[in-house]
Amino acid sequence: MPRKLIRKPAKKIGASPGTLVHTGAKKTEQARIRVIDYSAEKLSEVEIPIAEVGKCCPLRQTDSVSWVNVDGLHEVNVIETLGGCYGLHPLVMEDILSTEQRPKVEAYEDYLFIVMRMLHFDADKNEIKSEQVSLILGPTYVISFQEREGDVFDGVRERIRSGRKRIRASGPDYLAYALLDAVVDSYFHILEKIGDQVELLENELVTDPTPATLQKIHEFKREMILLRKSIWPLREVLSSLHREESALIREATGVFLRDVYDHTIQVVDTVETLRDIIGGQLDLYLSSISNRMNEVMKVLTIMATIFIPLTFVAGIYGMNFEFMPELKWKWSYPVFWLVICLMGGAMVVFFKKKKWL
Amino acid sequence: MPRKLIRKPAKKIGASPGTLVHTGAKKTEQARIRVIDYSAEKLSEVEIPIAEVGKCCPLRQTDSVSWVNVDGLHEVNVIETLGGCYGLHPLVMEDILSTEQRPKVEAYEDYLFIVMRMLHFDADKNEIKSEQVSLILGPTYVISFQEREGDVFDGVRERIRSGRKRIRASGPDYLAYALLDAVVDSYFHILEKIGDQVELLENELVTDPTPATLQKIHEFKREMILLRKSIWPLREVLSSLHREESALIREATGVFLRDVYDHTIQVVDTVETLRDIIGGQLDLYLSSISNRMNEVMKVLTIMATIFIPLTFVAGIYGMNFEFMPELKWKWSYPVFWLVICLMGGAMVVFFKKKKWL
Amino acid sequence: MPRKLIRKPAKKIGASPGTLVHTGAKKTEQARIRVIDYSAEKLSEVEIPIAEVGKCCPLRQTDSVSWVNVDGLHEVNVIETLGGCYGLHPLVMEDILSTEQRPKVEAYEDYLFIVMRMLHFDADKNEIKSEQVSLILGPTYVISFQEREGDVFDGVRERIRSGRKRIRASGPDYLAYALLDAVVDSYFHILEKIGDQVELLENELVTDPTPATLQKIHEFKREMILLRKSIWPLREVLSSLHREESALIREATGVFLRDVYDHTIQVVDTVETLRDIIGGQLDLYLSSISNRMNEVMKVLTIMATIFIPLTFVAGIYGMNFEFMPELKWKWSYPVFWLVICLMGGAMVVFFKKKKWL
Amino acid sequence: MPRKLIRKPAKKIGASPGTLVHTGAKKTEQARIRVIDYSAEKLSEVEIPIAEVGKCCPLRQTDSVSWVNVDGLHEVNVIETLGGCYGLHPLVMEDILSTEQRPKVEAYEDYLFIVMRMLHFDADKNEIKSEQVSLILGPTYVISFQEREGDVFDGVRERIRSGRKRIRASGPDYLAYALLDAVVDSYFHILEKIGDQVELLENELVTDPTPATLQKIHEFKREMILLRKSIWPLREVLSSLHREESALIREATGVFLRDVYDHTIQVVDTVETLRDIIGGQLDLYLSSISNRMNEVMKVLTIMATIFIPLTFVAGIYGMNFEFMPELKWKWSYPVFWLVICLMGGAMVVFFKKKKWL
Amino acid sequence: MPRKLIRKPAKKIGASPGTLVHTGAKKTEQARIRVIDYSAEKLSEVEIPIAEVGKCCPLRQTDSVSWVNVDGLHEVNVIETLGGCYGLHPLVMEDILSTEQRPKVEAYEDYLFIVMRMLHFDADKNEIKSEQVSLILGPTYVISFQEREGDVFDGVRERIRSGRKRIRASGPDYLAYALLDAVVDSYFHILEKIGDQVELLENELVTDPTPATLQKIHEFKREMILLRKSIWPLREVLSSLHREESALIREATGVFLRDVYDHTIQVVDTVETLRDIIGGQLDLYLSSISNRMNEVMKVLTIMATIFIPLTFVAGIYGMNFEFMPELKWKWSYPVFWLVICLMGGAMVVFFKKKKWL
Ligand SMILES: [Mg+2]
Ligand SMILES: [Mg+2]
Ligand SMILES: [Mg+2]
Ligand SMILES: [Mg+2]
Ligand SMILES: [Mg+2]
Ligand SMILES: [Mg+2]
Ligand SMILES: [Mg+2]
Ligand SMILES: [Mg+2]
Ligand SMILES: [Mg+2]
Ligand SMILES: [Mg+2]
Ligand SMILES: [Mg+2]
Ligand SMILES: [Mg+2]
Ligand SMILES: [Mg+2]
Ligand SMILES: [Mg+2]
Ligand SMILES: [Mg+2]
Ligand SMILES: [Mg+2]
Ligand SMILES: [Mg+2]
Ligand SMILES: [Mg+2]
Ligand SMILES: [Mg+2]
Ligand SMILES: [Mg+2]
Ligand SMILES: [Mg+2]
Ligand SMILES: [Mg+2]
Ligand SMILES: [Mg+2]
Ligand SMILES: [Mg+2]
Ligand SMILES: [Mg+2]
Ligand SMILES: [Mg+2]
Ligand SMILES: [Mg+2]
Ligand SMILES: [Mg+2]
Ligand SMILES: [Mg+2]
Ligand SMILES: [Mg+2]
Ligand SMILES: [Mg+2]
């Protein structure tokens, strides 16, 4: 559970808005800039060295769709240069750098600014990794900012490269849709993983619940709280994008945005379903603890209730009084055994009746 | 409870929208296409072999109401051919094939696309089976896609065949209504089944609750979570259909859509009521565990509290001290019994006062 | 708890809408039709035999207010005949016969259709009885359908008979209001009854809670779930009636509908308050079980903790070792008693300090 | 906690609306009518005998602000006379007399009708007393109806008497505002009282929780349920008054109504906060019961676990077998003690490790 | 937990609105007035003695941005004088002085009145301190009122002093934004502090939960209830400020207000997340109590169940009957040990099977 609950504040209280400080952990060694520039007919794909970030600026004007992807946010001057030549508002640049944004979309004069959280499951460490992805959607370009290398966009890149696909014939709004769609699809993968683990827990609960089971339930519950915080606001984001009457979003793209909105609702639904199910598992766990406590107490009660009176009887004839006529009788000992067996038997019958045995 | 929590993601992350991959389990051996074509005067009913699916295409133009029903989604080319000649959007075809859709209605230029979940209770296996039903409602046709053979539409088919009924004199919008109505009616049957079982559980709870009872409550709770996920969105679907100002829905059909909307609200109400009742049963179960624990502890406490002091007294006179005057006394033993009986009696009185006996 | 959770489905799945089948239990032996026809000046009150139900038809045209009341729904042809001559939609007739409708109001061309649930407390059997009441409000008539004889409308009948009252000078909309008001007033009586019983339970909880108390709480909780299901939707019904811009509702009646809407909100409020209170009682019950368990355990712990060590000490001097110097000493026995008393006393002090005694 | 949960129904089911029956308890011996009539320049204050209630009627026409206050509702003819000459609707009069109204505001042609609940804390009996206050706000008058003598309006009366205040220069709408404000201010006093007691309970919970603490939590919880029922609807009342575009409310009064609306929200907030806090206290109470049970069980387990085996060992050497070599050995007794001490010591170490000691 | 639950009522019930009484505790010894007056070109910063408060009045007219900050509210005449010359409504002055306001914004003719709660963490006392901050935003001035010296505005002051920043070139609306932003930023710091402590608690819960842990959970829960009460309404405040179409707020400031609105939503989100997490911790705590109780009971049950029967057997051969053949047998004692070991071993096997050992 290495995720922190609360974002580190972006800057000193009262500092100027638009102060560019990278507030997240430095998640990658070396920032990278990759540019894909394409239209229906042509395609170019280059990596631009950090020092020459200015080369990305002319792309603002080209008619082809230009996708500038920046991995790594600790090189503040990269964001500053791009912000400068693409006319980004200081608050947008601040938000790109403060990596605990709530997912949102904001319309500026000639671009849309979209922030969301991208999740991937790290199978090695068995944990969910998340990073902030910020998109700038302009008339002829998309700029994407990520916290570290590695993303869920490889499928999109291949579709661009493979030519003939719809993406090559569409504008930057369709590219932005494709990126959003890839992020939302990745949520399904995460939720499928969690769903499988919750399913396993279900079996553990029924067959052999231990305190470790409780610990797992607690961790899933917490994980769902944090997931929910990332996913819920995305619903609003996509709903407003899909209804957006922006010149930046062509009509034909609307139906695709509705599709990804639809997927987001499904994701939200699934998160809520998982929360309900995990909640039910906690109840079941608590009940089974009580059930087992009951069983433990029954064993104790049965043993104690049968033997304590018998021990008392034996104790009586262990007394050393001089005048105890029974001690001298010939049949005392067999009669003692008879009494003991009758008493024990009566107890057993009593417990059978109570259904404790 | 064999239902999976989370849908299998539709395709690779970032794949092109409209990529046609059947994502559900293959639920039927042999796909089937059945066509019913009718107007007030005439009726034809044929089965079309998979290979000749193209024969369904001319029906798009006929004035009569054409109902094309496809059972089985694993023959992707069937959906592709129909999608092609009926002008379905790639996203619609994708949704038909990904069988864990959230119920929804979407308006396209010349057809409405409706997705919902059809439930039937399999009495043999004592489980609820569900499959996705997708409807395309066009100006003169209805296409329905199901995951496997067998559905709740036989009543509708008989009404069509039997002539004189309103359905023969109405358009495809009325047919779509009839199919929706049959699906919603089937929910009542499912909920009635569950309601009866919950009622039985109620008796079990009052007379003899066991850990198996808890397990059943837990399973019902989970079943309700999943049912709810299928049924809740249908409410929106029918509400928007009923208010829809589409040229595809004649005015006379409006009142029928209101009726089925009404039924959907009743279904939702019932689901919520069942959830409340199952929640109350869990509380009752937990309380009765506590009550029985109390009883167990009382038995133990009473036995131990009565006999432990008596055993101590007997233990005293089992000591081997040389100088213990009582051991020599003639009435020691009867006095001992007297003391024992008084002590025991006092305890009994004490417990009676505390209402533990 | 004789109320069923789930309505019996109205008909076979996929059957034609408007198929007239009475789905409730047959709650009365003999169906009855009673007609009251009145205006400010004149009043006639007759009972019409089932076979001559057609006699009610001309009343549709008379200027006077005609109230046709039908008790018993198993004579389907009565509903069919009335439906025919009053122009009722097949769906309306279907709804009248399926007696587990959710309360609702529906506007048709020349009448309003109102469904609600009427409750009366059967003092003999100590249970709430409920039946569905359907109202048809037309320009000059009100038709009411009940499941069985006996209702809460006698006060309304007397006001009509007694002349001079406002009701005689008003139209059928005012009559419909009066019937709605009587139904809502009856909810207050039911809730008052339940409130009194919940109050009694409160005392039982404080003085002597038993498992039977838990059973009662559970039953009240369930009763409230079902009541709520009947009453909540009525709120919407009256709200929309009160805002309805129907030619069927005169302006002067509006303020009366607002009044009964107001009462409905009060009823809903009260149901919620009772739910909260019953929920609080369950918490209190559970807490008091825990408290008593604590007390039981304390008694056991105190007795066992005091006497187990003492018994051990006595056991030591019951040993038969040849070389145990204490056995020979003269003061051993008195010293033994001294030690025992000191040990017991120390324990008592310890428990006093812990406030267990 | 003597407050009843459910209002006594206003009249027989089906009785005519506007039937004037006083349904509350008769809370005062002698009804009183007090009239204050003022304008910026002049002021008169008189008490009018019940029998001469008609003297209040001419005030309807005077230009000065006339405040008619009626204490005690059992003299139905007072309400009837005033209702007659001020043109009150029968439903308004009915509502004034049925003293369990939900707070509300209703606009009639030439007056506003406002109902609310006035609370005062009776320090002698340590209980909250509540009564219904109904206000009629007309163009030149305010009529207030209370269930009994004594109210929270003395401050308002003094402001009127003392001249120079804003109230003397303003109209009846400002007077109505002042009365509403006094009622809402009184809620703060009540909530402050409850808040102090809840604070005390907090300490009790931490230092020494007893079953009486539970009882108190339960009573507070119930008290909050009832308070909430009185206060929540007032929020709507003031919100609609403040937005009301009535000729009866001058523009300058709007800002004052916004102020009292504001206070009402604060009251509602506080009620919710108290509910949350009391809920948290219940959780804390339950947890501390469990904690103490744990402690009790530990003491028992430790004592039993240490001494039961020791007693067994002593029991062995109390056996009377002829051939038990240990009995004859010289060092048996000291070795016995050694073994006993080692066993006891091992147990203590075991419990220390488990942190039970 | 020194924060009071309920505000002290502002004044006597029924007192005139606008009665100026300072109702909070006097939180500072000496009230202070500091004025910063600036435009893009010039800057003056002076402290004005309480007695000469009138010197602030001419600033209302100057074109430069004038920020009048008042620390300490007990000098009522300061507020009165400022209120007089800046034309503040009596209700505004009353609200400034009653320091338990719910955060709100109110539009008056030529100024906006904003109330909020400023929080700072007092590291020395390990508690959250809060005070009310009221802002008056006029065309050329901002007046801020605080309860005591010390605030979170030092960053803003430095930005003003340092020249060249955007703040110097903007109007009073931007200054108000900057103050709001500083307050909201301070919430992040508070929540980060609490988040860290909750994180620590998480570890404590897993490794070694004690009753003190419960106490801490309870305190955090209560703290969150109070924080939430302060922060939730701010959301509305900023939402309405951001949409406000007031001449007082320039268009360019809108985007900054959206930014701080955004932050407020993040704060609210975080508060809710913390509430959920703390709730989960309480559940975990309760479960781990139950788990440990189970363990305690198992130890007791195992010890008692093994040794009680053995002690009984030993008790039998401690009896003094004359005719007990076993006592004379040569191998009795070894056989006794054999039986004892078999019995004990059987028990151990039994418990192993039950997984209690
Ligand atoms: Mg900032
Ligand atoms: Mg930021
Ligand atoms: Mg990345
Ligand atoms: Mg997708
Ligand atoms: Mg996160
Ligand atoms: Mg789709
Ligand atoms: Mg996709
Ligand atoms: Mg899809
Ligand atoms: Mg099928
Ligand atoms: Mg139906
Ligand atoms: Mg499903
Ligand atoms: Mg139907
Ligand atoms: Mg119907
Ligand atoms: Mg019903
Ligand atoms: Mg009836
Ligand atoms: Mg009524
Ligand atoms: Mg019912
Ligand atoms: Mg009324
Ligand atoms: Mg609970
Ligand atoms: Mg009435
Ligand atoms: Mg009334
Ligand atoms: Mg009074
Ligand atoms: Mg006030
Ligand atoms: Mg009340
Ligand atoms: Mg105020
Ligand atoms: Mg006031
Ligand atoms: Mg105030
Ligand atoms: Mg300060
Ligand atoms: Mg900020
Ligand atoms: Mg506060
Ligand atoms: Mg920002």
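What you are looking at is a predicted structure, and each value in this text was computed from that prediction instead of being measured.

Draft legend 1. Structural detail: the overall build of chain A. When you go through chain A residue by residue, the secondary structure sums to nine helices and seven strands. If you line up chain A on its principal axes, its C-alpha atoms span 120 × 45 × 30 Å. Here chain A holds 357 residues, and 62% of them are scored as buried. Sequence separation of 24 or more characterises 68% of the internal contacts of chain A that already satisfy a separation of 6 or more. Computed over 45 positive and 49 negative side-chain charges, the separation of the two mean positions in chain A equals 6 Å.

Draft legend 2. Representation of the sheet that holds strand β2 (residues 43-48) of chain B in the model. Residues and elements named next belong to chain B. Sheet architecture is open: seven strands sit in the order β2-β1-β3-β7-β6-β5-β4, paired in mixed fashion. If you trace the sheet from one side to the other, it starts and ends with β2 and β4 (104-107), each paired once. Across the sheet, the mean angle from the axis of one strand to that of its neighbour is 20°, orientation sign disregarded. The pairing of strand β1 (residues 32-38) with strand β3 (residues 65-71) spans seven bridges and is antiparallel. Each residue of the ladder has a partner; that of Y38, found in β3, is V65.

Draft legend 3. Focus on the interface of chain C and chain B. Taken together, the 68 residues of chain C in the interface contact 73 residues of chain B. Regarding the contact of chain C and chain B, the summed buried area is about 6,100 Å², with carbon and sulfur atoms giving 63% of it. Where chain C touches chain B, the interface holds seven salt bridges. With its nearest N and O atoms 3.7 Å apart, the salt bridge here joins B:R258 to C:E106. The interface formed by chain C and chain B includes 16 residue pairs in polar contact (both at pLDDT 80 or more).

Draft legend 4. Looking closely at the domain arrangement of chain A. Here chain A is partitioned into domain 1 (32-287) and domain 2 (298-353). Each of domain 1 of chain A and domain 2 of chain A has a C-alpha centre, and the two are 76 Å apart.

Draft legend 5. Seen up close, the packing of helix α1 (residues 76-86) of chain B against helix α2 (residues 90-97) of chain B. Residue and element names in this part refer to chain B. Orientation of α1 relative to α2, taken along the N-to-C sense of each, is 150°, at an axis distance of 11 Å. By the angle class used here, α1 and α2 are roughly antiparallel. Crossing angle aside, the handedness with which α1 passes α2 is right-handed. Across from V76, I79, E80 and G83 in α1, the residues of α2 making contact are M93, I96 and L97.

Draft legend 6. How the structure looks around a nonpolar patch on the surface. On the surface, a cluster of nonpolar side chains totalling about 320 Å² of accessible area is made up of A:W331, A:V335 and A:V339. By secondary structure assignment, the location of A:V339 is in helix α9 (residues 332-353).

Draft legend 7. Summary view of the coordination of the magnesium ion (ligand 4). Residues and elements named next belong to chain A. Looking at the metal site, the magnesium ion (ligand 4) is ligated by D181 (OD), D185 (OD) and H263 (ND1), spaced 2.2 to 2.4 Å from it. We note that the donor set of the magnesium ion (ligand 4) lies within a single chain, spaced as D-x3-D-x77-H. In this model, the magnesium ion (ligand 4) sits 2.8 Å from the magnesium ion (ligand 7), the two metals being bridged by D181. Note that D185 is positioned in helix α5 (residues 172-207) and H263 in helix α7 (residues 251-316), a separation of 78 residues in sequence. Accessibility assignment for this pair places D185 and H263 in one class, buried.

Draft legend 8. How the structure looks around the relation of the copies chain B and chain A. Relative to chain A, chain B is turned by 72° and slid 0.1 Å along the rotation axis, the superposed coordinates differing by an RMSD of 0.1 Å. The transformation just described matches what one would write down for a five-fold rotation axis. Taking C-alpha positions as the reference, the residue of chain B nearest the rotation axis is B:G318, at 4.6 Å. Looking at chain B, a mere 14% of its interface residues are interface residues in chain A too, so the copies touch through different faces.

Draft legend 9. Quick peek at the UniProt feature "transmembrane region" (unreviewed entry) in chain A. All names here are of chain A. Look at the UniProt record and you will see "transmembrane region" (unreviewed entry) annotated at residues 299-319 and 331-351. Structurally, residues 299-319 comprises 86% helix and 0% strand, and the distance from its first C-alpha atom to its last is 30 Å. Structurally, residues 331-351 comprises 95% helix and 0% strand, and the distance from its first C-alpha atom to its last is 30 Å.

Draft legend 10. Inspection of the relation of the copies chain C and chain B at higher detail. By a simple turn and slide, chain C fits onto chain B: the slide is 0.0 Å along the axis, the RMSD is 0.1 Å, and the turn is 72°. Interface overlap between copies: only 13% of the residues of chain C at the interface are likewise at the interface in chain B, consistent with a contact formed by different surfaces.

Draft legend 11. Layout of the side chain of D:D37. Residue and element names in this part refer to chain D. With respect to the element layout, D37 can be found in strand β1 (residues 32-38). A distance of 2.6 Å separates polar atoms of two side chains, one belonging to D37 and the other to S64. Among the polar contacts made by the side chain of D37, one reaches the side chain of S66 at a distance of 2.6 Å.

Rules behind the numbers
- Residues numbered from 1 in each chain as written.
- Chains lettered and ligands numbered in written order.
- Predicted model: local features only at pLDDT ≥ 70, side-chain atom pairs only at ≥ 80, totals over all residues.
- Heavy atoms only, no water.
- Helix = DSSP H or I, 4+ residues; strand = E, 2+ residues; numbered from the N terminus.
- Buried < 20%, exposed > 50% of the residue type's maximum accessible area, 1.4 Å probe, protein only.
- Contact = heavy atoms within 4.5 Å.
- Lys, Arg positive; Asp, Glu negative; His and termini not counted.
- Charge placed at Lys NZ, Arg CZ, Asp CG, Glu CD.
- Pairing = 2+ DSSP bridges.
- Axes fitted to C-alpha atoms, helices over the stretch in contact; angles between N-to-C directions.
- Buried area = accessible area lost by both parts, 1.4 Å probe.
- Salt bridge = Lys/Arg side-chain N within 4 Å of Asp/Glu carboxyl O.
- Polar contact = N/O pair within 3.5 Å; in protein donor to acceptor, adjacent residues only side chain to side chain.
- Domains from an automatic or database assignment.
- Parallel < 35°, antiparallel > 145°, perpendicular 65-115°, else oblique.
- Left-handed = near helix turned anticlockwise from the far one by under 90°.
- Patch = residues over 30% accessible without salt bridge, like charges linked within 9 Å, V, L, I, M, F, W, Y side chains within 5 Å.
- Areas by Shrake-Rupley, 256 points an atom, 1.4 Å probe, with all protein chains shown as cover.
- Donors = N, O, S within 2.8 Å, 3.2 Å for Na, K, Ca; no water.
- Least-squares fit on C-alpha atoms with pLDDT ≥ 70 in both.
- UniProt positions renumbered as here; feature names shortened; annotations may be inferred.

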